[in-house]
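A look at the structure
Here's the letter readout for the chains.
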Amino acid sequence: MLVNIQRVSSASVQVGENTIGSIGLGLLTLVCAMPGDTNNTCEKVAEKLSKIRVFNDSFGKMNRSLLDVKGSVLMVSQFTLAANTKSGSRPDFSKAMCPAEAKKIFYELVEQIKNKDIKIKTGIFGIHMKLKIVNDGPVTIPMNFS
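Below you will find a few notes about this structure. A quick note: this is a predicted structure, and the numbers were derived from the prediction, not measured.

**Considerations on the overall build of the chain**
- Of regular secondary structure, the chain possesses 3 helices and 8 strands.
- Written out in order from the N terminus, the α and β elements of the chain read β-β-β-α-β-β-α-β-α-β-β.
- Against the 2.2 N^0.38 benchmark of 15 Å for 146 residues, the chain shows a C-alpha radius of gyration of 15 Å, consistent with a compact globule.
- Along the first, second and third principal axes, the C-alpha set of the chain runs to 45 × 35 × 30 Å.
- Taken across its 146 residues, the chain has 42% of its residues classed as buried.
- Considering only contacts in the chain between residues 6 or more positions apart, those separated by 24 or more positions represent 72%.
- Carbon and sulfur atoms make up 50% of the accessible area of the chain, which amounts to about 8,200 Å² in all.

Structure, rendered in structure tokens:
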């Protein structure tokens, strides 16, 4: 699984003209399921997201986790994280998990985050969305769980 997190002051996702999810302080989490990802992968990702220390303490050091700050997650599926740009001008996304399986994995990850008592909002798998993000820092961290 490929995951890209951004520490945000706020973030929202729109479908058409409707905002379908928004958070304040937390993590915008872009997720790309890869072949071989399982429920166990989702458990590992949920554990890491809940405990990764990317929020500032009173000294301005990144020593606090999502759980520590009682932050939220806005999770959006994004198969384009699997882009292969080594040849040609058009990215190849063939390394991403097929959509039917990826959708199951995405929503399993959502459930794993909920099991950590973290508030979570999501986009809608497989449709065009617009994100509004106030990246705090900026802090953006790519992670690979494959």
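**Some points on unusual backbone geometry**
- Along the chain, Gly137 connects to Pro138 via a cis peptide bond; the corresponding omega equals -5°.
- Topologically, Pro138 is positioned in strand 8 (residues 130-144).
- Phi at Lys70 takes a positive value of approximately 55°, unusual for a residue other than glycine.
- Following the sequence through the fold, Lys70 ends up in the loop between helix 2 (66-69) and strand 6 (72-77).
- Of note in this structure, Asp117 is not a glycine but carries a positive phi near 60°.

**Observations concerning a nonpolar patch on the surface**
- A cluster of nonpolar side chains, contributed by Ile20, Tyr107, Ile124 and Ile127, occupies part of the molecular surface with about 290 Å² of accessible area.
- With respect to the helices and strands, Tyr107 occurs in helix 3 (residues 99-114).
- According to the relative accessible area criterion, Tyr107 is partly exposed, its value standing at 31%.

**Concerning the packing of aromatic side chains**
- The full count for this structure, using the stated rule, is 3 aromatic pairs.
- Relative to Phe93, the ring of Phe79 has its centre 5.1 Å away and its plane inclined at 80°; by these criteria the two rings are edge-to-face. Here Phe79, found in the loop between strand 6 and helix 3, pairs with Phe93, found in the loop between strand 6 and helix 3; they are 14 residues apart in sequence, far enough to count as distant.
- On the accessibility criterion, Phe79 (48% relative accessible area) is partly exposed.

**Looking at helix 3**
- The terminal C-alpha atoms of helix 3 lie 23 Å apart, and with 16 residues this matches the ideal 22 Å at 1.5 Å per residue to within 8%.
- All of the buried residues along helix 3 are Ala102, Ile105, Phe106, Leu109, Val110, Gln112 and Ile113. Buried residues of helix 3, seen end-on, are gathered within an arc of 160° and therefore sit on one face of the element. In this structure, helix 3 carries Ala100 and Lys104 as exposed residues pointing more than 90 degrees from its buried face.
- In the core, the buried residues of helix 3 are packed alongside strand 3 (26-32), helix 1 (39-51), strand 6 and strand 7 (119-122).

**Description of the packing of helix 1 against helix 3**
- The N-to-C vectors of helix 1 and helix 3 enclose an angle of 45°; their axes lie 9 Å apart at closest approach. In terms of their interaxial angle, helix 1 and helix 3 are classed as oblique. In this structure, helix 1 crosses over helix 3, and the sense of that crossing is right-handed. The residues of helix 3 that touch helix 1, namely those facing Asn39, Cys42, Glu43, Val45, Ala46 and Leu49, are Ile105, Glu108, Leu109, Gln112 and Ile113.
- Taken together, the residues of the contact of helix 1 with helix 3 sort by class into 7 nonpolar, 2 polar and 2 charged.

What counts and what doesn't
Residues numbered from 1 in each chain as written. Predicted model: local features only at pLDDT ≥ 70, side-chain atom pairs only at ≥ 80, totals over all residues. Heavy atoms only, no water. Helix = DSSP H or I, 4+ residues; strand = E, 2+ residues; numbered from the N terminus. Rg over C-alpha atoms; globule rule 2.2 N^0.38 Å. Buried < 20%, exposed > 50% of the residue type's maximum accessible area, 1.4 Å probe, protein only. Contact = heavy atoms within 4.5 Å. Areas by Shrake-Rupley, 256 points an atom, 1.4 Å probe, with all protein chains shown as cover. Patch = residues over 30% accessible without salt bridge, like charges linked within 9 Å, V, L, I, M, F, W, Y side chains within 5 Å. Salt bridge = Lys/Arg side-chain N within 4 Å of Asp/Glu carboxyl O. Phe/Tyr/Trp six-rings, centres within 6.5 Å; stacked < 30°, edge-to-face > 60°. Expected span 1.5 Å × (residues − 1). Arc of directions from axis to C-beta. Axes fitted to C-alpha atoms, helices over the stretch in contact; angles between N-to-C directions. Parallel < 35°, antiparallel > 145°, perpendicular 65-115°, else oblique. Left-handed = near helix turned anticlockwise from the far one by under 90°. Nonpolar A, V, L, I, M, F, W, Y, C, P; charged D, E, K, R; others polar.

Worth remembering: the numbers are spatial, not functional.
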